[in-house]
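Structure assessment
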Amino acid sequence: MTHGSHAPLALVFPAVARKVGRARAEETRIALLKDAARAGTLTDTELSELYDFGDTDEKHAILRALGEPELLDRPGLLPLVEDALRTNDPRLVAAAMGGYATRHLPDSPWRHGVLKCLFMEVPLDAVAGWERRADAELARMTRAFVAERAAAGRAIPDDAIRLTERNAD
(Lines give C-alpha, C1' and ligand atoms only; values in the text may rest on other atoms or scores of the structure.)
Protein backbone atom coordinates (compact mmCIF):
# COMPACT_ATOMS: atom_id res chain seq x y z
CA MET A 1 0.00 0.00 0.00
CA THR A 2 1.52 3.28 -1.04
CA HIS A 3 0.92 6.48 0.84
CA GLY A 4 0.27 8.28 -2.43
CA SER A 5 -2.79 6.20 -3.28
CA HIS A 6 -5.53 8.07 -5.13
CA ALA A 7 -8.32 5.93 -3.70
CA PRO A 8 -10.59 7.77 -1.26
CA LEU A 9 -9.28 7.63 2.29
CA ALA A 10 -12.62 6.18 3.42
CA LEU A 11 -11.88 3.10 1.28
CA VAL A 12 -8.15 2.80 1.94
CA PHE A 13 -8.12 3.42 5.71
CA PRO A 14 -10.23 0.41 6.78
CA ALA A 15 -8.39 -1.92 4.38
CA VAL A 16 -4.91 -1.13 5.68
CA ALA A 17 -4.54 -4.19 7.93
CA ARG A 18 -5.43 -6.52 5.05
CA LYS A 19 -2.86 -4.84 2.82
CA VAL A 20 0.14 -4.38 5.15
CA GLY A 21 -0.66 -6.71 8.04
CA ARG A 22 -1.75 -5.93 11.58
CA ALA A 23 1.78 -5.26 12.80
CA ARG A 24 2.22 -2.34 10.39
CA ALA A 25 -1.40 -1.20 10.19
CA GLU A 26 -1.38 1.51 12.85
CA GLU A 27 1.73 3.29 11.63
CA THR A 28 0.48 3.05 8.04
CA ARG A 29 -2.89 4.53 9.02
CA ILE A 30 -1.17 7.39 10.84
CA ALA A 31 1.02 8.00 7.78
CA LEU A 32 -2.08 8.09 5.54
CA LEU A 33 -3.69 10.67 7.83
CA LYS A 34 -0.52 12.76 7.88
CA ASP A 35 -0.26 12.62 4.10
CA ALA A 36 -3.88 13.72 3.68
CA ALA A 37 -3.44 16.51 6.25
CA ARG A 38 -0.28 17.76 4.53
CA ALA A 39 -2.07 17.69 1.19
CA GLY A 40 -4.93 19.70 2.68
CA THR A 41 -7.48 17.05 1.72
CA LEU A 42 -8.37 15.77 5.21
CA THR A 43 -11.46 17.48 6.59
CA ASP A 44 -12.72 17.33 10.16
CA THR A 45 -15.89 15.70 8.82
CA GLU A 46 -13.94 12.98 7.02
CA LEU A 47 -11.78 12.29 10.05
CA SER A 48 -14.86 12.16 12.30
CA GLU A 49 -16.53 9.70 9.94
CA LEU A 50 -13.42 7.51 9.81
CA TYR A 51 -13.49 7.47 13.61
CA ASP A 52 -17.25 6.92 13.95
CA PHE A 53 -17.30 4.00 11.51
CA GLY A 54 -13.88 2.61 12.42
CA ASP A 55 -13.08 -0.41 14.51
CA THR A 56 -11.03 -0.08 17.70
CA ASP A 57 -7.71 -0.27 15.86
CA GLU A 58 -8.77 2.45 13.42
CA LYS A 59 -9.99 4.68 16.25
CA HIS A 60 -6.73 4.12 18.11
CA ALA A 61 -4.70 5.22 15.07
CA ILE A 62 -6.81 8.35 14.67
CA LEU A 63 -6.46 9.27 18.34
CA ARG A 64 -2.70 8.80 18.14
CA ALA A 65 -2.57 10.92 14.99
CA LEU A 66 -4.35 13.73 16.83
CA GLY A 67 -1.20 14.02 18.91
CA GLU A 68 0.62 15.41 15.85
CA PRO A 69 0.14 19.14 16.50
CA GLU A 70 1.57 20.33 13.21
CA LEU A 71 -0.91 18.23 11.24
CA LEU A 72 -4.12 17.42 13.05
CA ASP A 73 -4.31 19.93 15.90
CA ARG A 74 -7.84 21.10 15.19
CA PRO A 75 -10.11 22.02 18.14
CA GLY A 76 -13.15 20.76 16.20
CA LEU A 77 -12.03 17.17 16.74
CA LEU A 78 -12.53 17.25 20.51
CA PRO A 79 -15.68 15.04 20.24
CA LEU A 80 -13.44 12.14 19.17
CA VAL A 81 -11.42 12.43 22.38
CA GLU A 82 -14.58 12.80 24.45
CA ASP A 83 -16.03 9.66 22.84
CA ALA A 84 -12.88 7.66 23.56
CA LEU A 85 -12.95 8.78 27.20
CA ARG A 86 -16.46 7.32 27.54
CA THR A 87 -15.22 3.85 26.54
CA ASN A 88 -13.91 1.13 28.79
CA ASP A 89 -11.04 0.33 26.43
CA PRO A 90 -7.74 1.22 28.12
CA ARG A 91 -5.99 1.56 24.74
CA LEU A 92 -8.48 4.17 23.54
CA VAL A 93 -8.49 6.02 26.86
CA ALA A 94 -4.68 6.15 26.86
CA ALA A 95 -4.56 7.37 23.25
CA ALA A 96 -7.27 9.94 23.97
CA MET A 97 -5.17 11.46 26.75
CA GLY A 98 -2.30 12.27 24.42
CA GLY A 99 -1.06 15.69 23.36
CA TYR A 100 -4.34 16.71 21.73
CA ALA A 101 -6.27 16.31 25.00
CA THR A 102 -3.58 18.19 26.91
CA ARG A 103 -3.88 21.11 24.49
CA HIS A 104 -7.66 21.17 24.02
CA LEU A 105 -9.63 19.40 26.76
CA PRO A 106 -11.00 21.84 29.34
CA ASP A 107 -9.72 21.38 32.89
CA SER A 108 -12.62 19.40 34.35
CA PRO A 109 -12.88 16.73 31.62
CA TRP A 110 -9.08 16.52 31.47
CA ARG A 111 -8.92 15.81 35.23
CA HIS A 112 -11.64 13.17 34.87
CA GLY A 113 -9.65 11.61 32.03
CA VAL A 114 -6.60 11.39 34.29
CA LEU A 115 -8.68 9.77 37.03
CA LYS A 116 -10.12 7.32 34.52
CA CYS A 117 -6.57 6.39 33.56
CA LEU A 118 -5.72 5.80 37.23
CA PHE A 119 -8.87 3.74 37.71
CA MET A 120 -8.17 1.65 34.59
CA GLU A 121 -4.49 1.31 35.52
CA VAL A 122 -3.41 3.10 32.36
CA PRO A 123 0.11 4.36 33.10
CA LEU A 124 0.16 8.03 34.01
CA ASP A 125 2.95 8.52 31.49
CA ALA A 126 0.33 7.92 28.76
CA VAL A 127 -1.16 11.28 29.76
CA ALA A 128 0.80 13.82 27.75
CA GLY A 129 2.04 16.72 29.82
CA TRP A 130 0.39 15.63 33.05
CA GLU A 131 3.28 17.09 35.05
CA ARG A 132 2.58 20.58 33.66
CA ARG A 133 -1.18 20.40 33.74
CA ALA A 134 -1.78 18.69 37.10
CA ASP A 135 -3.17 21.14 39.61
CA ALA A 136 -4.41 21.28 43.20
CA GLU A 137 -7.90 20.14 42.17
CA LEU A 138 -6.54 17.04 40.43
CA ALA A 139 -4.43 16.29 43.50
CA ARG A 140 -7.55 16.64 45.70
CA MET A 141 -9.55 14.36 43.42
CA THR A 142 -6.72 11.82 43.36
CA ARG A 143 -6.45 11.84 47.17
CA ALA A 144 -10.21 11.13 47.34
CA PHE A 145 -9.73 8.28 44.84
CA VAL A 146 -6.87 6.86 46.95
CA ALA A 147 -8.94 7.13 50.14
CA GLU A 148 -11.88 5.38 48.46
CA ARG A 149 -9.65 2.55 47.21
CA ALA A 150 -8.05 2.16 50.63
CA ALA A 151 -11.43 2.10 52.40
CA ALA A 152 -12.61 -0.63 50.01
CA GLY A 153 -9.45 -2.66 50.61
CA ARG A 154 -8.41 -2.28 46.98
CA ALA A 155 -4.92 -1.80 45.66
CA ILE A 156 -3.82 1.78 45.16
CA PRO A 157 -2.09 2.39 41.83
CA ASP A 158 1.49 3.60 42.20
CA ASP A 159 0.72 6.38 39.74
CA ALA A 160 -1.98 7.75 42.06
CA ILE A 161 0.60 8.03 44.82
CA ARG A 162 3.06 9.54 42.36
CA LEU A 163 0.55 12.18 41.31
CA THR A 164 -0.45 13.13 44.86
CA GLU A 165 3.17 13.26 46.04
CA ARG A 166 4.18 15.46 43.13
CA ASN A 167 1.29 17.84 43.87
CA ALA A 168 1.39 17.66 47.66
CA ASP A 169 1.26 21.42 48.03
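Residues numbered from 1 in each chain as written. Predicted model: local features only at pLDDT ≥ 70, side-chain atom pairs only at ≥ 80, totals over all residues. Heavy atoms only, no water.

Here we look at the pattern of salt bridges
Any two side chains of opposite charge can pair, on the condition that their charged atoms come close. Summed over all chains, the structure comprises 13 salt bridges. The partner of glutamate 26 in a salt bridge is arginine 64, and the shortest N-O contact between them spans 2.3 Å. On the criterion of sequence distance, the pair formed by glutamate 26 in helix 2 (residues 22-39) and arginine 64 in helix 4 (residues 56-65) is long-range, its members being 38 residues apart. For arginine 91, the salt bridge identified is with glutamate 26, shortest N-O distance 4.0 Å. (Salt bridge = Lys/Arg side-chain N within 4 Å of Asp/Glu carboxyl O. Helix = DSSP H or I, 4+ residues; strand = E, 2+ residues; numbered from the N terminus.)

Observations regarding the confidence of the model for the chain
On average, residues of the chain score 91 in pLDDT, and 93% of them reach the 70 mark or higher. Note that pLDDT drops below 50 for residues 1-5; the model gives that stretch 12 contacts with residues more than four away or on any other chain. (pLDDT = per-residue confidence, 0-100. Contact = heavy atoms within 4.5 Å.)

Examining the nonpolar core
Nonpolar side chains in soluble globular proteins tend to end up buried together. Counting residues in hydrophobic clusters, the biggest one holds 47 residues, and the most contacted among them are Leu33, Leu47, Leu66, Val81 and Met97. At the level of secondary structure, the elements contributing two or more residues to this core comprise helix 1 (9-20), helix 2, helix 3 (44-53), helix 4, helix 6 (78-85), helix 7 (90-96), helix 8 (99-104) and helix 9 (107-120). Considering each element in turn, this core owes the most residues, 6 residues, to helix 2. When near neighbours in sequence (up to four residues on either side) are disregarded, leucine 66 contacts Leu47, Leu72, Leu77, Leu80, Val81, Tyr100 and Arg103. (Core = buried A, V, L, I, M, F, W, Y, C linked by side-chain atoms within 4.5 Å. Buried < 20%, exposed > 50% of the residue type's maximum accessible area, 1.4 Å probe, protein only.)

So, helix 9
For an α-helix the count is 3.6 residues per turn, leaving residues at separations of three or four pointing the same way. For helix 9, spanning 14 residues, the distance from its first C-alpha to its last is 20 Å, which sits close to the expected 20 Å at 1.5 Å a residue. For helix 9, the set of buried residues is Trp110, Arg111, Gly113, Val114, Leu115, Lys116, Cys117, Leu118 and Met120. The secondary structure elements touched by the buried residues of helix 9 are helix 6, helix 7, helix 8, helix 10 (130-133), helix 11 (136-151) and helix 12 (158-166). Of the residues one or two after helix 9, glutamate 121 is the one with positive phi, at around 60 degrees. (Expected span 1.5 Å × (residues − 1).)

Let's talk about the environment of proline 90
Inspection of the secondary structure puts proline 90 in helix 7. For proline 90 and glutamate 148, which are 58 residues apart along the polypeptide, the C-alpha to C-alpha distance reads 21 Å. Sequence-distant contacts of proline 90, defined by excluding residues within four places in its chain, comprise Met120 and Val122.

Notes on the packing of helix 2 against helix 4
Two packed helices can be described by the angle between their axes and the distance between those axes. Running from N to C, helix 2 and helix 4 cross one another at 45 degrees; their axes reach a closest spacing of 9 Å. With respect to helix 4, the axis of helix 2 lies oblique. Here the hand of the crossing between helix 2 and helix 4 comes out right-handed. Taking contact as the criterion, the partners of Arg22, Glu26, Glu27, Arg29, Ile30 and Leu33 in helix 2 are, on helix 4, Asp57, Glu58, His60, Ala61, Ile62, Arg64 and Ala65. Of the residues contributing to the contact of helix 2 with helix 4, the split by class is 5 nonpolar, 1 polar and 7 charged. (Axes fitted to C-alpha atoms, helices over the stretch in contact; angles between N-to-C directions. Parallel < 35°, antiparallel > 145°, perpendicular 65-115°, else oblique. Left-handed = near helix turned anticlockwise from the far one by under 90°. Nonpolar A, V, L, I, M, F, W, Y, C, P; charged D, E, K, R; others polar.)

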